[in-house]
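Single-letter residue listing:
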Amino acid sequence: MLNIFRNLKKYWYLVLLILALLFVQAYCDLSLPDYTSVLIDVGIANSGIEYAVPQYISKSGFMEVQLFLTEEEKQHWNEAYAPDGDRYALTSGSQENWSALDEEFSHIIAVVYMMTSQAGSETEGMDFSAVNFGNMDMSALDPTVMTPEQLQQLQTAGQMLAELGVDITSPTLMLDLRQVFEEKLSTLGDSIISSMAKQFAREQYEQCGIDLDKMQTDYLWVTGLKMMAMALIMAVVAIIIGFVASKIAAGVGRDLRGNVFRKVMGFGNAELDKFSTASLITRSTNDVQQIQFATVMLLRMVLYAPILAIGGIINISRYDSGMNWIIVLAIAVVFCLILLLLALTMPKFKIMQKLVDRVNLVAREILTGIPVIRAFGREEKENERFDEANTHLTKVMLYVNRIMSVMMPTLMIVMNGVSALIIWVAAQQIDAGVLEVGAMTAFITYAMIIIMGFLMLTAVSIMLPRAGVAADRIQEVLDTEPSIKDKEGAAAAKTAPAENAAVRFDHVSFKYPDGGENVLTDIDFIAEPGKTTAIIGSTGCGKSTLVKLIPRFFDVTEGTVSLGGTDVRDIALQTLRGQIGYVSQKAVLFSGDISSNIAYGAPDATQENIEEAARIAQATEFIEAKEEKYESAIAQGGTNVSGGQKQRISIARAIARDPKVYIFDDSFSALDFKTDTALRKALSEKTKDAAVIIVAQRVSTILSADQIIVLEDGKMAGKGTHRELVESCEEYRMIAKSQLSEKEYLASINASVNGKEGV
């Protein structure tokens, strides 16, 4: 899994940008439930009155509140308001100041409202609404100096005060009375207390002539617009995050494909055999796509989910609802489900990617071998082989999908169950006056946000394990060191001198990696510039393997292969292979045109060079016959040209490079005798200063060679000219007699004696 994060190092600044934007998105997302809560509790239930401390208050209301304040509170109360005609107005309407006043005086205002309204009758049958506390003289709180009118007002509530145990002759009568009612208020819920205090503010606004309908409408509009603004910001930020995340994911995919391709280009045959071509293709395509998709999900959901969940938990803790245990329970259940999901699916993802490799391997073999399959009537059998591989993959994918199909409804049941449980518990608290309807709505929304955060992690947990497996498979390729690489200190300047491009095999032995026995043993010869060295032998004797040691497709096990007196392992690979014109046993062409294929190894070749190489390779005749000549299209793999034409273009490609060493690995097998003879004659003029090494099956191809190496079971059975080998090497003599008629055999010996071209 860490390999996925490792790919993001290059894009750290964009990841930080996404992280910052996610916090902005989360802030907007987490603000909406609060707005919904106040929209219900303030905008609808309380007519848009947000604070218990009214912005405008009547003189009587001002005096009523002041009557129950301590000396310090009176000072704050008087500082907060200033006369405004026949009413009082707040001296500062700032939110900060208003909130501070509300926190200090809301409970006192609730006491006043309880005592001076019918709301008091809801508490022990006491009704203080007949007592006009606001008309009392604030300078005469002591009952001993009260006016008869004030005493009459107190006597009206005397019986009720006596029942409460309040001494009406006490100098601190009002504070004692406040304390009694604060104790009564403490038995009520915060919701009821807040509503009572705001009802006092509502009455004061009505007395001051404030249009409450307009106040409510304005509040609803302002709050609604704020919610719309938050939603709009959230949408814009989400779009930006999606764009940047996609950009990062596309960049990660591009980098991975490029890194894998460059790594594979440096692999030797041992590494290619280890991974297989089908697996490398899967890793470069399917695995990279898995990582790309997971990267987008990682940046958009995995990073966002914990921010959202933690923010929801912080916000929900502000509500003293007593329902936090429901959230803890829900998180615990979801967490257990995620662990179960990972335990069931993680092993299957590893198996799945291997089965994808298998399907690709079988499909590739069948598609490339269609002509042979049809020729031998094996279509039905190959269909069965593909169905078997495909069925195994399908079973594993169905297993994972079934788990996914069960997990998501289960999680939805958890989410809906949490909603039902919250409503059931909240209903009781609303009935007790502890919780308001808006607060319950916000609590449910926050609970859903928290659970959704975990649900997002659950959904991604299906993708991330598979992407983690894919990332590990790609990293395995990137961490593999090629067995064939530049030796430390190998310099590009160490090239074979132009006048001495001799290839020397000095007692060379070779065996394949993990191979038990040597494929080649004690090979010793020199291929000199200006001369042709031919290699012949029975099938499987190691001819092609021998010439592949020169460009270091393999490294020798024992001995040395040198070019111009320098061990090929001490020459930089690019420099070494730049000195060699190699034509493989199987001619390979690339999509493009004839000209681009001939100039493949010599990008700077002029049209004149290309045409000269084609002439020497005897390709001019069929090229000129084409309508577009050298611009004629070549299909992928050269499927639109014949085997002989393909070989001649491959030979022209090597000639156009003008190398110091030519290697023809059985490259004349598809040519007719006439073309073969003409090609070798033209080639001999072109390669006067180069070493030419030919691997051949036909004796007629190598009769004029300056040196012929005969291989038998990986060992040198003979070395010399055609005539010398006929006389001294039984293996060569048997090969020559099996391929040539008696007349041709004798003529070839005479021709070699006279120094002629041969048959």
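Each value, and the rule that gives it
Note that residues are indexed from 1 along each chain, following the sequence as it is written. Given that the model is predicted, a residue must reach a pLDDT of at least 70 before its local features are reported, and side-chain atom pairs must reach 80 or more before they are shown or counted; all residues, however, enter totals for whole chains, interfaces and linings. Hydrogens and water are ignored here; the side-chain numbers use all heavy atoms of the structure. In DSSP terms, a helix is any run of H or I states spanning at least four residues, a strand is any run of E spanning at least two, and both are numbered starting from the N terminus. Think of it in three bands: with a 1.4 Å probe and only protein chains considered, a residue is buried below 20% of the maximum accessible area for its type, exposed above 50%, and partly exposed in between. We call two residues in contact whenever any of their non-hydrogen atoms come within 4.5 Å of each other. Salt bridge, as used here: a side-chain nitrogen of Lys or Arg that lies within 4 Å of a carboxyl oxygen of Asp or Glu. DSSP-based pairing: two strands are paired if at least 2 bridges between them are found. To obtain an axis, a line is fitted to C-alpha atoms, over the contacting stretch when the element is a helix, and the angle between two such axes runs from 0 to 180 degrees between their N-to-C directions. Patch membership is restricted to residues that have no salt bridge and whose relative accessible area is over 30%. Joining uses 9 Å for like charges and 5 Å for the nonpolar side chains Val, Leu, Ile, Met, Phe, Trp and Tyr. Where accessible areas are quoted, they stem from the Shrake-Rupley method and a 1.4 Å probe; at the residue level, only the protein chains shown are allowed to cover. Residues counted as positive are Lys and Arg, residues counted as negative are Asp and Glu, and His and the chain ends are not counted. Charge positions come from single atoms, namely NZ of Lys, CZ of Arg, CG of Asp or CD of Glu. Here roughly perpendicular refers to angles of 65 to 115 degrees, roughly parallel to angles under 35, roughly antiparallel to angles over 145, and oblique to all remaining angles. Crossings are sorted by hand: turned counterclockwise from the far helix by less than a right angle, the near helix makes the crossing left-handed, and turned clockwise it makes it right-handed. The nonpolar class holds Ala, Val, Leu, Ile, Met, Phe, Trp, Tyr, Cys and Pro. Asp, Glu, Lys and Arg form the charged class, and all remaining residues, Gly among them, are polar. Residue-level confidence of the predictor is summarised by pLDDT, bounded by 0 at the bottom and 100 at the top. A pair of aromatic rings is counted whenever rings of Phe, Tyr or Trp (Trp by its six-membered ring) have centres within 6.5 Å, and the orientation is called stacked for planes under 30 degrees apart, edge-to-face for over 60 and tilted otherwise. In this scheme, the term charge over a ring applies when either NZ of a lysine or CZ of an arginine sits within 6 Å of the ring centre and within 35 degrees of the ring normal. Arc, as used here, means the arc of the directions from the helix axis to the C-beta atoms. Here the expected span of a helix is defined as 1.5 Å times the quantity of residues minus one. Working definition for bend: take the seven residues up to and ending at a residue and the seven starting at it, fit an axis to each, and measure the angle between the axes. Throughout this description, the term nonpolar core refers to a set of buried Ala, Val, Leu, Ile, Met, Phe, Trp, Tyr and Cys residues connected via side-chain atoms within 4.5 Å.

1. As for the overall build of the protein
Check the secondary structure of the protein and you find 29 helices and 15 strands. Classification of the 759 residues of the protein by burial places 49% in the buried group. Counting only contacts in the protein whose residues sit at least 6 apart along the sequence, the fraction spanning at least 24 positions is 76%.

2. Here we look at the pattern of salt bridges
Applying the stated rule across the entire model yields 19 salt bridges. Among the salt bridges present, the one from Asp 506 reaches Arg 504, with a minimum N-O distance of 3.7 Å. Asp 506 sits in the partly exposed class, given a relative accessible area of 29%. Via salt bridges that share partners, Lys 10, Arg 254 and Asp 255 belong to a single interconnected network.

3. Remarks on the sheet that holds strand 9 (residues 580–583)
Here six strands make up an open sheet; going across it, the order is 9-12-13-6-14-15 and the pairing mixed. Edge positions in the sheet fall to strand 9 and strand 15 (715–720), since each of these pairs with one other strand and no more. Shown here is a sheet whose adjacent strand axes are inclined to one another by a mean of 15°, direction ignored. Pairing of strand 6 (residues 532–537) with strand 14 (residues 707–712) involves five bridges; the strand directions are parallel.

4. Some words on the pairing of strand 2 (residues 81–84)
Bridging between strand 2 and strand 3 (residues 87–90) involves four bridges; their strand directions are antiparallel. Looking at the pairing, Tyr 81 lines up with Leu 90 of strand 3. Turn length for the strand 2-strand 3 hairpin, with the two strands adjacent in sequence and antiparallel, is two residues, and the turn residue Gly 85 shows positive phi of about 70°.

5. Some words on a negative patch on the surface
A grouping of Glu 379, Glu 380, Glu 384 and Asp 387 is seen on the molecular surface, where their side chains present a negatively charged patch. Mapped onto the elements of the fold, Asp 387 is located in helix 17 (residues 379–431).

6. Some words on the environment of Asp 213
Along the polypeptide, Asp 213 turns up in helix 10 (residues 212–265). Sequence separation between Asp 213 and Gly 48 is 165 residues, and the spatial gap between their C-alpha atoms is 8.7 Å.

7. Here's the deal with the packing of helix 3 (residues 59–67) against helix 4 (residues 71–80)
One can describe the packing of helix 3 onto helix 4 by two numbers: an axis separation of 10 Å at closest approach and a directional angle of 160°. Relative to helix 4, the element helix 3 is oriented roughly antiparallel. Considering only the axes of helix 3 and helix 4, their crossing is right-handed. Two secondary-structure elements touch here, helix 3 through Phe 62, Val 65 and Gln 66 and helix 4 through Lys 74, Trp 77 and Asn 78. Broken down by class, the residue content of the contact of helix 3 with helix 4 amounts to three nonpolar, two polar and one charged.

8. Some thoughts on the confidence of the model for the protein
Per-residue confidence for the protein gives a mean pLDDT of 80, with 87% of residues at or over 70. pLDDT under 50 marks residues 118–131. Its contacts with residues more than four places away, or in other chains, come to 30 contacts. Within the model, pLDDT remains below 50 along residues 755–759, and this stretch shows 11 contacts once partners closer than five positions in the same chain are excluded.

9. Focus on the packing of aromatic side chains
Under the counting rule described, the total for this entry stands at 15 aromatic pairs. Aromatic side chains Phe 553 and Tyr 582 sit 5.3 Å apart centroid to centroid with 90° between the ring planes, which places their arrangement in the edge-to-face category. Linking Phe 553 in the loop between helix 19 (543–548) and strand 7 (558–563) with Tyr 582 in strand 9, this pair joins segments that are 29 residues apart in sequence. Aromatic ring contacts, followed pair by pair, group Phe 62, Trp 77, Tyr 81, Tyr 88 and Phe 105 into a single cluster. Across from the ring centre of Tyr 56, 4.1 Å away, lies the NZ or CZ of Arg 87, which sits over that ring.

10. Re the sheet that holds strand 8 (residues 566–567)
Strand order in the open sheet made by the four strands is 5-4-7-8, with antiparallel pairing throughout. The sheet is open, and its two borders are formed by strand 5 (520–527) and strand 8, each paired with just one other strand. With two bridges joining them, strand 7 and strand 8 adopt antiparallel strand pairing. When the bridges of strand 8 are listed, Ser 562 appears paired with Asp 567.

11. A few points about unusual backbone geometry
One non-glycine residue, Arg 552, adopts positive backbone phi at about 60°. With respect to the secondary-structure elements, Arg 552 resides in the loop between helix 19 and strand 7. Note on Arg 552: relative accessible area 3%, which makes it buried.

12. With respect to the side chain of Arg 648
Counting through the fold element by element, Arg 648 comes out in helix 24 (residues 643–656). Although Arg 648 lies buried, it forms no salt bridge, and the closest oppositely charged side chain, Glu 621, sits 5.6 Å away as judged by the N-O distance. Once residues within four sequence positions are removed from consideration, Arg 648 is found in contact with Ala 617, Gln 618, Ala 619, Phe 622, Leu 671 and Thr 675.

13. Some words on the packing of helix 22 (residues 607–616) against helix 24
Packing of helix 22 against helix 24 brings their axes to within 8 Å, and their N-to-C directions diverge by 130°. One finds that helix 22 runs oblique with respect to helix 24. Crossing hand, helix 22 versus helix 24: right-handed. Of the residues in helix 24, those in contact with Ala 613, Ala 614 and Ile 616 of helix 22 are Ala 652, Ile 655 and Ala 656. Considered class by class, the residues forming the contact of helix 22 with helix 24 number six nonpolar, no polar and no charged.

14. Let's talk about helix 22
Residues lying three or four places apart along an α-helix face the same way, a consequence of the helix completing one turn every 3.6 residues. Within helix 22, the full set of buried residues consists of Ile 610, Ala 613, Ala 614 and Ile 616. One side of helix 22 holds all its buried residues, which, seen down the axis, span an arc of 165°. Check the buried side of helix 22 and you find it contacts helix 21 (594–598), helix 23 (620–624), helix 24 and helix 25 (673–686). With its phi angle positive at about 60°, Gln 618 sits one or two positions after the end of helix 22.

15. Brief notes about helix 15 (residues 324–368)
Here helix 15 is 45 residues long and its end C-alpha atoms lie 64 Å apart, about the 66 Å a rise of 1.5 Å per residue gives. Thr 345 marks the point of greatest bend in helix 15, at about 30°, and the proline Pro 347 comes within the next four residues.

16. Considerations on the nonpolar core
Grouped burial of nonpolar side chains is what soluble globular proteins tend to show. One finds Ile 18, Ile 248, Val 418, Ile 422 and Ile 451 to be the most contacted residues of the largest nonpolar core, which totals 76 residues. Contributing elements (two or more residues each) for this core: helix 2 (12–44), helix 10, helix 13 (286–302), helix 14 (304–316), helix 15, helix 17 and helix 18 (437–479). For this core, the leading source of residues is helix 18, giving 21 residues. Excluding anything up to four places from it in sequence, Ile 248 contacts Leu 8, Tyr 11, Leu 14, Val 15, Ile 18, Thr 295 and Leu 299.

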